[in-house]
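One-letter residues, chain by chain:
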Amino acid sequence: MNKMLRKSVLGIAGLAFTGGVFAGPIAAHAAAPVHTTPVAAVQADKPAVDMAKLIPHGVQGAQSKIDLNDEQTGNAKAIIAATKKAGMPERAAVISIGTSLQESKLENLGHLGDANDHDSLGLFQQRPTSGWGSPEQITDPEYSTTAFLKGLKQVDGWQDMPLTKAAQTVQVSAYPDAYAQWEQQAADLVAQYWNS
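In what follows, the accompanying structure is described. Worth saying up front: this structure is predicted, and the values here are computed from it rather than measured. Residue positions within a chain follow its written sequence, with the count starting from 1. Local features are withheld for residues below a pLDDT of 70 in this predicted model, meaning they are given only at 70 or higher, and side-chain atom pairs are given and counted only at 80 or more; totals for whole chains, interfaces and linings count all residues. Side-chain metrics in this entry use all non-hydrogen atoms of the structure; hydrogen atoms and water are not considered.

With that out of the way, let us pick up unusual backbone geometry. Despite not being glycine, K105 has its phi angle at roughly 60 degrees, a positive value. In this text, helices come from DSSP runs of H or I with a minimum length of four residues, and strands from runs of E with a minimum of two, each type numbered from the N-terminal end. One can find K105 in the loop between α4 (90-104) and α5 (135-138). Even without a glycine there, the phi angle at L106 is positive, about 60 degrees.

Encoded structure:
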């Protein structure tokens, strides 16, 4: 046998042996079904947030994502803080952040002139004339989140609803299905900042 053919045969034999040794035990373990619950990645010193609680029914439809600046990140953190202060669970924060992502891209908007939808303001585009509060209150992230959460608490079974249905029940939007596209990013933000 020539030298090159000999190296090829030995190399293949070595791969077959290595593959057989490693494939045996791994294949045996892989045969048993493994049931896991997805958990968000967090820093080692922080407890993980259970993603199954954040998105109990999985996301609906195509998902959108935007890069957040410091102000938008701060507003997401303010929504989480207000949710905790209200004694509500992580899922409420996901619904709140998803709603704000749709309504304002997590920007605390003032009056936008002709581009404004009536007198809608703030993170949730709440309207003073609809009873959400004064313009000063609605543009306060804690107040506007608390107002949204009060509305959410009045929705029977909100904890088990898709984000779109829960958000739409509170917001009464002309585009009710639009909220669904933000569920993954909202859940990611809650997973990242809930325990920080």
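This part takes up the environment of P141. With respect to the helices and strands, P141 occurs in helix α6 (residues 141-153). Expressed as a C-alpha distance, the spacing of P141 and A76, which sit 65 residues apart in the sequence, is 9.2 Å. Contacts of P141, omitting those with residues within four sequence positions, involve N75, A78, N108 and L123. In what follows, a contact means two residues having at least one pair of non-hydrogen atoms within 4.5 Å.

Before going further, it helps to examine the nonpolar core. Nonpolar cores are built from buried Ala, Val, Leu, Ile, Met, Phe, Trp, Tyr and Cys residues. Side-chain atoms within 4.5 Å join them into one set. Partly exposed residues are those whose accessible area sits between 20% and 50% of the maximum for their type, while under 20% is buried and over 50% is exposed, using a 1.4 Å probe and protein chains only. Of all hydrophobic cores here, the largest spans 40 residues; its most connected members are L54, I97, L152 and V190. Of all elements in the fold, only α2 (51-54), α3 (70-85), α4, α6, α7 (163-171) and α8 (183-193) reach the threshold of two or more residues within this core. In this view, V190 contacts V49, L54, I80, E90, A93, V94 and I97; residues no more than four positions away in its chain are not counted.

When you line up the elements, G151 lands in helix α6. Put simply, G151 and Q171 are 20 residues apart on the chain and 8.6 Å apart in space, counted from C-alpha to C-alpha.

Moving on, we come to the environment of M88. Note that M88 resides in the loop between α3 and α4. The exposure class of M88 is buried, given its relative accessible area of 6%. Sequence spacing of M88 and L149 is 61 residues, and the spatial spacing of their C-alpha atoms is 8.4 Å. The residues contacting M88, other than those within four sequence positions of it, are T83, L149, L152, K153, W158 and W194.

Turning our eyes to something else, we now look at the pattern of salt bridges. Note on definitions: salt bridges are taken to be side-chain nitrogens of Lys or Arg within 4 Å of carboxyl oxygens of Asp or Glu. Taken as a whole and assessed by the stated rule, the structure comprises 2 salt bridges. The salt bridge partner of E142 is K85, with a shortest N-O separation of 2.7 Å. Residue E142 is located in helix α6, and its partner K85 is located in helix α3; the two are separated by 57 residues in the primary sequence. Take K85: its relative accessible area is 64%, and that puts it in the exposed class. The closest approach of N and O atoms between R91 and E183, which form a salt bridge, is 2.7 Å. Placement of R91 in helix α4 and of E183 in helix α8 is noted, with a sequence separation of 92 residues between them. Under the relative-accessibility criterion, R91 is labelled buried at 5%.

This brings us to the side chain of S96. Following the sequence through the fold, S96 ends up in helix α4. Overall, the relative accessible area of 0% leaves S96 in the buried class. Those residues in contact with S96 that lie beyond four places of it in its chain are I79, T83, F124, F148 and L149.

Time to look at the packing of aromatic side chains. Centres within 6.5 Å are what make two rings of Phe, Tyr or Trp a pair, Trp counting through its six-membered ring; a difference in plane orientation under 30 degrees is then read as stacked, over 60 as edge-to-face, and the rest as tilted. Going through the model one piece at a time under the given rule, you end up with 1 aromatic pair. Ring centres of F124 and F148 lie 4.9 Å apart, and the angle between their planes is 10 degrees; on these two criteria the pair is classed as stacked. Of this pair, F124 sits in the loop between α4 and α5 while F148 sits in helix α6, and the two are 24 residues apart along the sequence. Both residues of the pair, F124 and F148, belong to the buried class.

Below, the discussion takes up the packing of α6 against α7. Only the stretch in contact is used when fitting a helix axis, every axis being a line fitted to C-alpha atoms; angles between N-to-C directions are given from 0 to 180 degrees. It is at 9 Å that the axes of α6 and α7 come closest, and there the two elements cross at 110 degrees. It follows from the interaxial angle that α6 and α7 lie roughly perpendicular. In this structure, α6 contributes F148, G151 and L152 to the contact, and α7 contributes A166, V170 and Q171. Lys, Arg, Asp and Glu make up the charged group, whereas Ala, Val, Leu, Ile, Met, Phe, Trp, Tyr, Cys and Pro make up the nonpolar group; the residues left over, Gly among them, are polar. Tallied by class, the residues present in the contact of α6 with α7 amount to 4 nonpolar, 2 polar and no charged. Working rule for angles: under 35 degrees goes down as roughly parallel, over 145 as roughly antiparallel, 65 to 115 as roughly perpendicular, anything else as oblique.

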